[in-house]
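Spelled out, the chains give:
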Amino acid sequence: MRIVTTVSAMRRQARRWRQSGIRVGFVPTMGCLHEGHLSLIERARKAVGACGKVVASVYVNPAQFGPFEDYSRYPRDLERDISLTRAAGVDVLFVPDDREMYPTNGDGSFSTYVIEDSVAAGMEGASRPHHFRGVTTVVAKLFNIVLPDIAIFGRKDYQQTAVVRRMVRDLDFPIRVIVGPTVRERDGLAMSSRNRYLSVQERERAPAMFETIRLAREVVRKASAPLSAGQLRRRLIQFLGGQPGVRVDYVAFFDPDSLRVVQRVRRGTHLALAAFFGKTRLIDNGRL
Ligand code: PAF
(Lines give C-alpha, C1' and ligand atoms only; values in the text may rest on other atoms or scores of the structure.)
Protein backbone atom coordinates (compact mmCIF):
# COMPACT_ATOMS: atom_id res chain seq x y z
CA MET A 1 0.00 0.00 0.00
CA ARG A 2 1.29 3.44 -0.96
CA ILE A 3 0.80 6.33 1.44
CA VAL A 4 0.36 9.66 -0.32
CA THR A 5 0.37 12.94 1.59
CA THR A 6 0.30 15.62 -1.12
CA VAL A 7 -2.46 16.68 -3.48
CA SER A 8 -0.05 16.80 -6.44
CA ALA A 9 1.20 13.21 -5.91
CA MET A 10 -2.36 11.89 -5.46
CA ARG A 11 -3.49 13.69 -8.59
CA ARG A 12 -0.54 12.34 -10.64
CA GLN A 13 -1.39 8.79 -9.53
CA ALA A 14 -5.10 9.29 -10.27
CA ARG A 15 -4.36 10.64 -13.77
CA ARG A 16 -2.07 7.69 -14.55
CA TRP A 17 -4.81 5.24 -13.56
CA ARG A 18 -7.36 7.14 -15.60
CA GLN A 19 -5.09 7.14 -18.69
CA SER A 20 -4.68 3.36 -18.34
CA GLY A 21 -8.44 2.84 -18.02
CA ILE A 22 -8.16 1.51 -14.45
CA ARG A 23 -11.30 1.87 -12.36
CA VAL A 24 -10.94 3.54 -8.97
CA GLY A 25 -13.10 3.02 -5.88
CA PHE A 26 -12.81 5.61 -3.11
CA VAL A 27 -13.64 5.51 0.60
CA PRO A 28 -13.25 8.92 2.29
CA THR A 29 -12.87 8.75 6.08
CA MET A 30 -11.81 10.83 9.05
CA GLY A 31 -9.70 7.94 10.32
CA CYS A 32 -9.80 6.05 13.59
CA LEU A 33 -11.14 3.23 11.49
CA HIS A 34 -13.55 0.54 12.66
CA GLU A 35 -15.33 -2.40 11.07
CA GLY A 36 -17.86 -0.06 9.46
CA HIS A 37 -15.08 1.60 7.43
CA LEU A 38 -13.53 -1.77 6.61
CA SER A 39 -16.85 -2.99 5.22
CA LEU A 40 -16.90 0.09 2.92
CA ILE A 41 -13.37 -0.73 1.73
CA GLU A 42 -14.49 -4.29 1.04
CA ARG A 43 -17.47 -2.94 -0.90
CA ALA A 44 -15.14 -0.67 -2.92
CA ARG A 45 -12.94 -3.65 -3.83
CA LYS A 46 -15.98 -5.62 -4.92
CA ALA A 47 -17.17 -2.71 -7.07
CA VAL A 48 -13.86 -2.17 -8.93
CA GLY A 49 -12.73 -5.81 -9.07
CA ALA A 50 -9.24 -7.27 -8.78
CA CYS A 51 -7.90 -5.09 -11.64
CA GLY A 52 -9.25 -1.86 -10.15
CA LYS A 53 -7.69 0.30 -7.46
CA VAL A 54 -9.02 1.19 -4.02
CA VAL A 55 -8.13 4.53 -2.44
CA ALA A 56 -9.04 5.46 1.14
CA SER A 57 -8.43 8.87 2.66
CA VAL A 58 -7.86 9.81 6.27
CA TYR A 59 -8.46 13.48 6.92
CA VAL A 60 -10.15 15.11 9.92
CA ASN A 61 -11.78 17.99 8.09
CA PRO A 62 -11.88 21.13 10.27
CA ALA A 63 -14.47 22.77 8.00
CA GLN A 64 -17.23 20.36 9.06
CA PHE A 65 -16.90 20.99 12.81
CA GLY A 66 -18.59 23.88 14.62
CA PRO A 67 -16.54 26.13 16.94
CA PHE A 68 -17.74 24.29 20.07
CA GLU A 69 -17.58 20.79 18.63
CA ASP A 70 -15.00 18.05 19.07
CA TYR A 71 -12.50 18.85 16.28
CA SER A 72 -9.45 19.09 18.54
CA ARG A 73 -10.27 15.95 20.50
CA TYR A 74 -11.59 13.91 17.55
CA PRO A 75 -9.82 10.51 17.89
CA ARG A 76 -6.75 10.10 15.67
CA ASP A 77 -4.71 6.91 15.31
CA LEU A 78 -2.87 6.97 12.01
CA GLU A 79 -0.52 4.06 12.72
CA ARG A 80 -3.48 1.79 13.39
CA ASP A 81 -5.34 3.16 10.34
CA ILE A 82 -2.31 2.36 8.18
CA SER A 83 -2.12 -1.25 9.35
CA LEU A 84 -5.89 -1.76 9.02
CA THR A 85 -6.07 -0.32 5.50
CA ARG A 86 -2.99 -2.26 4.42
CA ALA A 87 -4.53 -5.50 5.70
CA ALA A 88 -7.82 -4.62 3.98
CA GLY A 89 -6.09 -4.42 0.58
CA VAL A 90 -6.22 -0.65 0.01
CA ASP A 91 -3.87 0.40 -2.83
CA VAL A 92 -3.36 4.02 -1.84
CA LEU A 93 -4.01 5.71 1.50
CA PHE A 94 -4.32 9.46 0.99
CA VAL A 95 -3.43 11.37 4.16
CA PRO A 96 -3.23 15.10 3.44
CA ASP A 97 -2.73 17.74 6.11
CA ASP A 98 -4.59 21.05 6.49
CA ARG A 99 -2.05 22.99 4.42
CA GLU A 100 -2.60 20.59 1.53
CA MET A 101 -6.38 20.66 1.75
CA TYR A 102 -6.96 24.33 2.62
CA PRO A 103 -3.96 26.22 1.25
CA THR A 104 -3.92 29.94 1.87
CA ASN A 105 -1.33 30.62 -0.87
CA GLY A 106 0.02 33.49 1.14
CA ASP A 107 -2.99 35.67 0.32
CA GLY A 108 -5.11 35.19 3.43
CA SER A 109 -7.73 32.51 3.37
CA PHE A 110 -9.51 29.70 1.63
CA SER A 111 -12.85 31.16 0.51
CA THR A 112 -14.70 28.82 -1.86
CA TYR A 113 -17.35 26.41 -0.54
CA VAL A 114 -19.84 23.93 -1.99
CA ILE A 115 -23.32 24.33 -0.51
CA GLU A 116 -26.26 21.96 -0.97
CA ASP A 117 -29.25 23.73 0.51
CA SER A 118 -32.18 21.37 0.18
CA VAL A 119 -31.58 17.92 1.68
CA ALA A 120 -28.90 19.43 3.96
CA ALA A 121 -31.39 21.79 5.61
CA GLY A 122 -33.01 19.77 8.44
CA MET A 123 -31.79 17.35 11.10
CA GLU A 124 -27.95 17.42 11.17
CA GLY A 125 -27.99 20.60 9.09
CA ALA A 126 -30.28 22.32 11.59
CA SER A 127 -28.39 21.11 14.66
CA ARG A 128 -24.91 21.68 13.22
CA PRO A 129 -24.87 24.83 11.07
CA HIS A 130 -22.09 24.75 8.41
CA HIS A 131 -21.51 21.03 8.97
CA PHE A 132 -22.69 19.98 5.53
CA ARG A 133 -20.99 22.93 3.85
CA GLY A 134 -17.75 21.52 5.24
CA VAL A 135 -18.63 17.98 4.13
CA THR A 136 -19.62 18.88 0.56
CA THR A 137 -16.59 21.15 0.17
CA VAL A 138 -14.08 18.55 1.31
CA VAL A 139 -15.79 15.68 -0.55
CA ALA A 140 -15.85 17.74 -3.79
CA LYS A 141 -12.15 18.52 -3.31
CA LEU A 142 -11.33 14.86 -2.61
CA PHE A 143 -13.31 13.80 -5.70
CA ASN A 144 -11.31 16.30 -7.82
CA ILE A 145 -8.03 14.99 -6.40
CA VAL A 146 -8.69 11.22 -6.37
CA LEU A 147 -10.83 11.12 -9.57
CA PRO A 148 -12.76 8.01 -8.49
CA ASP A 149 -15.29 6.15 -10.62
CA ILE A 150 -17.09 4.94 -7.51
CA ALA A 151 -17.31 6.43 -4.00
CA ILE A 152 -18.62 4.54 -0.98
CA PHE A 153 -20.31 6.11 2.06
CA GLY A 154 -21.89 4.52 5.13
CA ARG A 155 -25.63 4.54 5.76
CA LYS A 156 -25.11 5.50 9.40
CA ASP A 157 -24.73 9.07 8.11
CA TYR A 158 -27.95 8.81 6.13
CA GLN A 159 -28.42 12.51 5.51
CA GLN A 160 -24.77 12.87 4.46
CA THR A 161 -25.27 10.20 1.80
CA ALA A 162 -28.30 12.10 0.45
CA VAL A 163 -26.39 15.39 0.43
CA VAL A 164 -23.42 13.83 -1.39
CA ARG A 165 -25.66 12.11 -3.93
CA ARG A 166 -27.41 15.41 -4.63
CA MET A 167 -24.09 17.24 -5.03
CA VAL A 168 -22.82 14.55 -7.42
CA ARG A 169 -25.98 14.87 -9.49
CA ASP A 170 -26.21 18.66 -9.46
CA LEU A 171 -22.51 19.31 -10.16
CA ASP A 172 -22.11 16.48 -12.73
CA PHE A 173 -19.40 14.52 -10.97
CA PRO A 174 -18.96 11.37 -13.12
CA ILE A 175 -19.03 9.20 -10.01
CA ARG A 176 -21.33 6.41 -8.86
CA VAL A 177 -22.16 6.75 -5.17
CA ILE A 178 -22.69 3.47 -3.31
CA VAL A 179 -24.11 3.40 0.21
CA GLY A 180 -22.92 0.57 2.49
CA PRO A 181 -24.98 -0.74 5.42
CA THR A 182 -24.54 0.44 9.00
CA VAL A 183 -22.32 -1.97 10.92
CA ARG A 184 -23.44 -2.53 14.51
CA GLU A 185 -21.90 -3.84 17.70
CA ARG A 186 -23.48 -7.01 19.08
CA ASP A 187 -25.79 -4.95 21.28
CA GLY A 188 -27.02 -2.85 18.35
CA LEU A 189 -24.93 0.29 18.81
CA ALA A 190 -23.95 1.67 15.40
CA MET A 191 -20.15 1.67 15.00
CA SER A 192 -18.68 5.15 15.10
CA SER A 193 -15.27 6.62 15.87
CA ARG A 194 -17.03 8.79 18.46
CA ASN A 195 -18.08 5.72 20.50
CA ARG A 196 -14.56 5.92 21.95
CA TYR A 197 -15.59 9.02 23.90
CA LEU A 198 -18.26 7.15 25.88
CA SER A 199 -17.63 6.39 29.54
CA VAL A 200 -18.34 2.82 30.69
CA GLN A 201 -21.79 3.87 31.93
CA GLU A 202 -22.62 5.84 28.78
CA ARG A 203 -21.51 2.90 26.62
CA GLU A 204 -23.91 0.64 28.57
CA ARG A 205 -26.77 3.03 27.79
CA ALA A 206 -25.84 3.77 24.18
CA PRO A 207 -27.73 0.76 22.67
CA ALA A 208 -30.86 2.77 23.58
CA MET A 209 -30.36 4.52 20.21
CA PHE A 210 -31.02 1.31 18.29
CA GLU A 211 -33.68 0.21 20.80
CA THR A 212 -35.53 3.44 19.96
CA ILE A 213 -35.51 2.50 16.28
CA ARG A 214 -36.70 -0.99 17.17
CA LEU A 215 -39.49 0.45 19.32
CA ALA A 216 -40.62 2.67 16.44
CA ARG A 217 -40.56 -0.31 14.05
CA GLU A 218 -42.67 -2.32 16.47
CA VAL A 219 -45.24 0.46 16.90
CA VAL A 220 -45.50 0.98 13.12
CA ARG A 221 -45.74 -2.75 12.47
CA LYS A 222 -48.66 -3.10 14.86
CA ALA A 223 -50.53 0.00 13.68
CA SER A 224 -53.49 -0.56 11.37
CA ALA A 225 -53.28 2.99 9.93
CA PRO A 226 -50.63 5.71 9.45
CA LEU A 227 -49.58 7.24 12.77
CA SER A 228 -49.25 10.84 13.86
CA ALA A 229 -45.56 11.80 13.63
CA GLY A 230 -45.97 14.16 16.60
CA GLN A 231 -47.37 11.46 18.87
CA LEU A 232 -44.78 8.86 17.90
CA ARG A 233 -41.99 11.42 18.28
CA ARG A 234 -43.16 12.22 21.83
CA ARG A 235 -43.22 8.52 22.69
CA LEU A 236 -39.70 7.94 21.34
CA ILE A 237 -38.31 11.04 23.05
CA GLN A 238 -39.85 9.84 26.31
CA PHE A 239 -38.19 6.43 25.87
CA LEU A 240 -34.74 7.64 24.78
CA GLY A 241 -34.64 10.79 26.89
CA GLY A 242 -35.82 8.74 29.89
CA GLN A 243 -32.42 6.98 30.06
CA PRO A 244 -30.19 8.57 32.71
CA GLY A 245 -27.72 11.10 31.33
CA VAL A 246 -29.31 11.19 27.86
CA ARG A 247 -30.48 14.38 26.15
CA VAL A 248 -32.34 13.96 22.87
CA ASP A 249 -31.32 16.40 20.13
CA TYR A 250 -33.91 15.40 17.52
CA VAL A 251 -36.17 12.58 16.36
CA ALA A 252 -37.24 13.05 12.72
CA PHE A 253 -39.52 11.13 10.37
CA PHE A 254 -39.03 11.68 6.65
CA ASP A 255 -39.37 10.31 3.16
CA PRO A 256 -36.21 8.23 2.49
CA ASP A 257 -35.67 9.63 -1.01
CA SER A 258 -36.56 13.32 -0.78
CA LEU A 259 -35.78 13.63 2.96
CA ARG A 260 -38.97 15.67 3.23
CA VAL A 261 -40.39 15.58 6.77
CA VAL A 262 -43.70 13.68 7.03
CA GLN A 263 -46.66 14.28 9.34
CA ARG A 264 -47.93 10.68 9.06
CA VAL A 265 -45.64 7.74 9.78
CA ARG A 266 -46.13 4.46 7.93
CA ARG A 267 -44.06 1.46 6.82
CA GLY A 268 -41.24 2.75 4.61
CA THR A 269 -40.95 6.09 6.44
CA HIS A 270 -37.38 6.75 7.57
CA LEU A 271 -36.46 7.64 11.15
CA ALA A 272 -33.31 9.53 12.17
CA LEU A 273 -32.27 10.47 15.68
CA ALA A 274 -29.49 12.28 17.49
CA ALA A 275 -28.87 12.32 21.24
CA PHE A 276 -26.18 13.33 23.70
CA PHE A 277 -24.85 10.65 26.04
CA GLY A 278 -23.06 12.96 28.45
CA LYS A 279 -21.02 15.15 26.11
CA THR A 280 -20.95 12.63 23.27
CA ARG A 281 -23.43 13.14 20.46
CA LEU A 282 -24.55 9.93 18.71
CA ILE A 283 -26.68 9.56 15.60
CA ASP A 284 -28.53 6.61 14.09
CA ASN A 285 -31.31 5.95 11.60
CA GLY A 286 -33.46 3.20 10.18
CA ARG A 287 -36.31 2.39 7.83
CA LEU A 288 -39.61 1.73 9.60
O1 PAF B 1 -18.29 10.62 7.07
C2 PAF B 1 -17.15 11.11 7.27
O3 PAF B 1 -16.28 10.49 7.87
C4 PAF B 1 -16.84 12.50 6.75
O5 PAF B 1 -17.95 13.32 6.83
C6 PAF B 1 -16.25 12.51 5.33
C7 PAF B 1 -17.23 11.98 4.31
C8 PAF B 1 -14.98 11.68 5.30
C9 PAF B 1 -15.88 13.95 4.93
O10 PAF B 1 -14.95 14.50 5.80
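Quick caveat, the model's predicted, so the values are computed rather than measured.

**Q** Where do I start with the overall build of the protein in this structure?
**A** Within the protein one finds ten helices and eleven strands. Against the compact-globule benchmark of 19 Å for 288 residues, the protein has a radius of gyration of 20 Å, which places it among compact chains. Principal-axis analysis of the C-alpha atoms gives the protein an extent of 60 × 40 × 35 Å. Looking at the 288 residues of the protein, the share that counts as buried comes to 50%. In the protein, of all internal contacts separated by at least 6 residues, the share reaching a separation of at least 24 is 72%. Of the roughly 14,200 Å² of accessible surface on the protein, a fraction of 48% belongs to carbon and sulfur atoms. Where the 46 positive side-chain charges of the protein centre and where its 29 negative ones centre are 4 Å apart.

**Q** How should I be thinking about the pattern of salt bridges in this particular structure?
**A** Any two side chains of opposite charge can pair, on the condition that their charged atoms come close. Tallying each qualifying case throughout the model produces eleven salt bridges. Where aspartate 170 meets arginine 169, a salt bridge forms, and the shortest distance between an N and an O atom there is 3.0 Å. For arginine 169, a relative accessible area of 56% translates into the label exposed. Across the pair arginine 184 and aspartate 284 runs a salt bridge whose closest N-O atoms are separated by 2.8 Å. Pair noted here: arginine 184 is in the loop between strand E6 (176–180) and helix H8 (200–205) and aspartate 284 is in strand E11 (residues 280–287), with a separation of 100 residues, a long-range link.

**Q** Please clarify how the packing of helix H9 (residues 208–222) against helix H10 (residues 229–241) should be interpreted in this entry.
**A** Helices that pack against each other are described as a pair by the angle of their axes relative to one another and the distance between those axes. Relative to each other, H9 and H10 sit at 145°, their axes nearing to 10 Å. Classified by chirality, the crossing of H10 by H9 is right-handed. Judged by residue contacts, Ala208, Met209, Glu211, Thr212, Leu215, Ala216, Val219 and Val220 of H9 engage Leu232, Arg235, Leu236, Phe239 and Leu240 from H10. Within the contact of H9 with H10, the residues separate by chemical class into ten nonpolar, one polar and two charged.

**Q** Just to check I follow, could you spell out the sheet that holds strand E5 (residues 150–154) for this structure?
**A** Remark on secondary structure: sheet strands pair via backbone hydrogen bonds, oriented parallel or antiparallel. Pairing is parallel in the open sheet, where six strands are placed in the order E1-E4-E3-E2-E5-E6. Two strands close off the open sheet at either side, each with one partner strand: strand E1 (2–4) and E6. The sheet shows a mean angle of 25° between the axes of neighbouring strands, taken without regard to direction. Summarising the sheet, strand E2 (residues 24–29) and E5 pair through two bridges and their orientation is parallel. Bridged to glycine 25 within E5 is isoleucine 150. Packing of helix H3 (residues 78–87) onto the sheet brings it into contact with E1, strand E3 (53–58) and strand E4 (92–94), and relative to E3 it is tilted by some 170°.

**Q** Hey, could you run me through helix H1 (residues 7–19) in this one?
**A** Working note: α-helix, 3.6 residues per turn, so residues spaced by three or four point in the same direction. The end-to-end C-alpha distance of H1, which contains 13 residues, comes to 18 Å, matching closely the 18 Å that a straight helix rising 1.5 Å per residue would cover. Every buried residue of H1 is listed here: Val7, Ala9, Met10, Gln13, Ala14 and Trp17. Against E1, E2, E3, E4, helix H4 (98–101) and helix H6 (131–146) lie the buried residues of H1. Positive backbone phi, at 70°, marks glycine 21, one or two positions downstream of H1.

**Q** Whenever I open this one, the sheet that holds strand E8 (residues 246–254) confuses me. Can you help?
**A** Strand order in the open sheet formed by three strands is E8-E10-E11, and the pairing between neighbours is antiparallel. Both edges of this open sheet fall to E8 and E11, since each of them pairs with a single strand only. Across this sheet, the average inter-strand angle for adjacent strands is 15°, counted without regard to direction. Relative to E11, strand E10 (residues 270–277) is paired through eight bridges, and the arrangement is antiparallel.

**Q** Honestly, the packing of aromatic side chains in this entry has me stumped. Any pointers?
**A** Given two aromatic rings, one states the distance between the centres and the angle between the planes to describe the pair. According to the stated counting rule, one finds nine aromatic pairs in the structure shown. Between the aromatic rings of phenylalanine 143 and phenylalanine 173, the centroid separation amounts to 5.6 Å while the plane-to-plane angle is 75°, which identifies the pairing as edge-to-face. With phenylalanine 143 in helix H6 and phenylalanine 173 in the loop between helix H7 (158–170) and E6, this residue pair connects regions lying 30 residues apart in the sequence. By relative accessible area, which is 14% here, phenylalanine 173 ends up buried. Note on tyrosine 158 and phenylalanine 254: the rings are 5.9 Å apart at their centroids and 50° apart in plane angle, and the pair reads as tilted.

**Q** Sorry if this is basic, but what is going on with unusual backbone geometry here?
**A** A positive phi angle, near 50°, is found at cysteine 32, a position not held by glycine. Within the secondary structure, cysteine 32 sits in the loop between E2 and helix H2 (35–48). For cysteine 32, a relative accessible area of 3% translates into the label buried. Unlike most non-glycine residues, aspartate 172 shows phi in positive territory, near 60°. Tracing the sequence through the fold places aspartate 172 in the loop between H7 and E6. With a relative accessible area of 62%, aspartate 172 lands in the exposed category.

Calculation rules
Residues numbered from 1 in each chain as written. Predicted model: local features only at pLDDT ≥ 70, side-chain atom pairs only at ≥ 80, totals over all residues. Heavy atoms only, no water. Helix = DSSP H or I, 4+ residues; strand = E, 2+ residues; numbered from the N terminus. Rg over C-alpha atoms; globule rule 2.2 N^0.38 Å. Buried < 20%, exposed > 50% of the residue type's maximum accessible area, 1.4 Å probe, protein only. Contact = heavy atoms within 4.5 Å. Areas by Shrake-Rupley, 256 points an atom, 1.4 Å probe, with all protein chains shown as cover. Lys, Arg positive; Asp, Glu negative; His and termini not counted. Charge placed at Lys NZ, Arg CZ, Asp CG, Glu CD. Salt bridge = Lys/Arg side-chain N within 4 Å of Asp/Glu carboxyl O. Axes fitted to C-alpha atoms, helices over the stretch in contact; angles between N-to-C directions. Left-handed = near helix turned anticlockwise from the far one by under 90°. Nonpolar A, V, L, I, M, F, W, Y, C, P; charged D, E, K, R; others polar. Pairing = 2+ DSSP bridges. Expected span 1.5 Å × (residues − 1). Phe/Tyr/Trp six-rings, centres within 6.5 Å; stacked < 30°, edge-to-face > 60°.

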